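Listed here are the chains, written in short residue letters.
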Amino acid sequence: MPAIPSWLLEPLWDQFAALLPDRPRYDPAHPLGCHRPRIGDRIIFEKLIQVLRFGCSYASIADCTCSATTIRERRSEWIKAGVFVQLKQIDRDSYDRIIGLLLQELAVGGCITKAPGGGECAGRGPVDRGKQGMKRSLMVEGYGIPLGRVLAPANRHDSPLLAPTLDKLDDVGPLPDDITVHLDAGYDSQKTRDELAGRGMAGEIARKGDKAPIQAGQRWHVERTNAWHNAFSRLQRCHERNEDGIGAFFDLADAIITVRSLIRQAWITYRWDTRPARRP
């Protein structure tokens, strides 16, 4: 069973491969001038996609093509080179050029997931009998394309995470003059309003005590993107302990979400000779 369809995997791999540094097939430092050939990057990339999608361990996904140690080492090598971050940024910039980011309407929301192994971003959760959990504060644009996130232990409140989440806009590029940030009732405080006013932003904040569906506004986009993230089992039940490793899988998931949305939106917006008859 493929982790993601080929129409989505191929463009992701083409861009990912262009970011990889050149490496010889054989190690030139070997004393005999020969060694086992280096495992192909495409194999490791597809293994990481499978780990992200199915949530399995590296040992479970390893087979005769590569070992679990090779997957971990190559993942760490790519994290150090910043390949996952570059992939996410390039895909987001491509979406902005072809479709356009709706930066006038932003939404920020938190989501708590399980973290059975603990780690740098895990903490005692306020629910689920105090088991280890992780919270992500996610920011999306008007359609739901992820723009930035902040990872924290599950017992952190949403409100203090708003400022560092909005700081992620520095990586997005030029911003419109009028920006509205849609927030749930957890952010209903004067401190939140002062933070938004200091940034020159307007706030559409749900009020405590009122029914949420009546005043949801545009906040549902961030809830949908959180659901997209949770469709990747590695993010819904995180076993990574280091923040760099967690961030790499989130960057890969963001790239998949962005490219998938780009392909589907382009199918509606544009016409070309090789356009498929059915929507992807």
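In this text the structure is predicted, and so the values were computed from the model without any measurement. (Residues numbered from 1 in each chain as written. Predicted model: local features only at pLDDT ≥ 70, side-chain atom pairs only at ≥ 80, totals over all residues. Heavy atoms only, no water.)

(A) Summary view of the overall build of the protein chain. Along the backbone of the protein chain there are 10 helices and six strands. Relative to a compact globule of 280 residues, whose C-alpha radius of gyration would be 19 Å, the protein chain shows 21 Å and is just as compact. Dimensions of the protein chain, computed from C-alpha atoms along their principal axes, come out at roughly 70 × 55 × 35 Å. Split into buried and exposed, the 280 residues of the protein chain put 45% on the buried side. For the protein chain, the proportion of contacts with a sequence separation of at least 24, taken over those separated by at least 6, is 66%. For the protein chain, the accessible area works out to roughly 14,400 Å², and carbon and sulfur atoms hold 50% of it. Here the protein chain contributes 40 positive and 35 negative side-chain charges, whose respective centroids are spaced 7 Å apart. (Helix = DSSP H or I, 4+ residues; strand = E, 2+ residues; numbered from the N terminus. Rg over C-alpha atoms; globule rule 2.2 N^0.38 Å. Buried < 20%, exposed > 50% of the residue type's maximum accessible area, 1.4 Å probe, protein only. Contact = heavy atoms within 4.5 Å. Areas by Shrake-Rupley, 256 points an atom, 1.4 Å probe, with all protein chains shown as cover. Lys, Arg positive; Asp, Glu negative; His and termini not counted. Charge placed at Lys NZ, Arg CZ, Asp CG, Glu CD.)

(B) Representation of the pattern of salt bridges within the structure. Within the structure shown, the criterion is met by 17 salt bridges. When the shortest N-O distance is used, the salt bridge between Asp41 and Arg38 registers 3.5 Å. Across the pair Arg219 and Glu223 runs a salt bridge whose closest N-O atoms are separated by 2.8 Å. Since its relative accessible area comes to 14%, Arg219 is described here as buried. For Glu223, a relative accessible area of 34% corresponds to the partly exposed category. (Salt bridge = Lys/Arg side-chain N within 4 Å of Asp/Glu carboxyl O.)

(C) Representation of a nonpolar patch on the surface. A grouping of Ile98, Tyr270 and Trp272 is seen on the molecular surface, where their side chains present a nonpolar patch of about 270 Å² in accessible area. Position of Trp272 relative to the elements: it lies in the segment after α10 (243-269). (Patch = residues over 30% accessible without salt bridge, like charges linked within 9 Å, V, L, I, M, F, W, Y side chains within 5 Å.)

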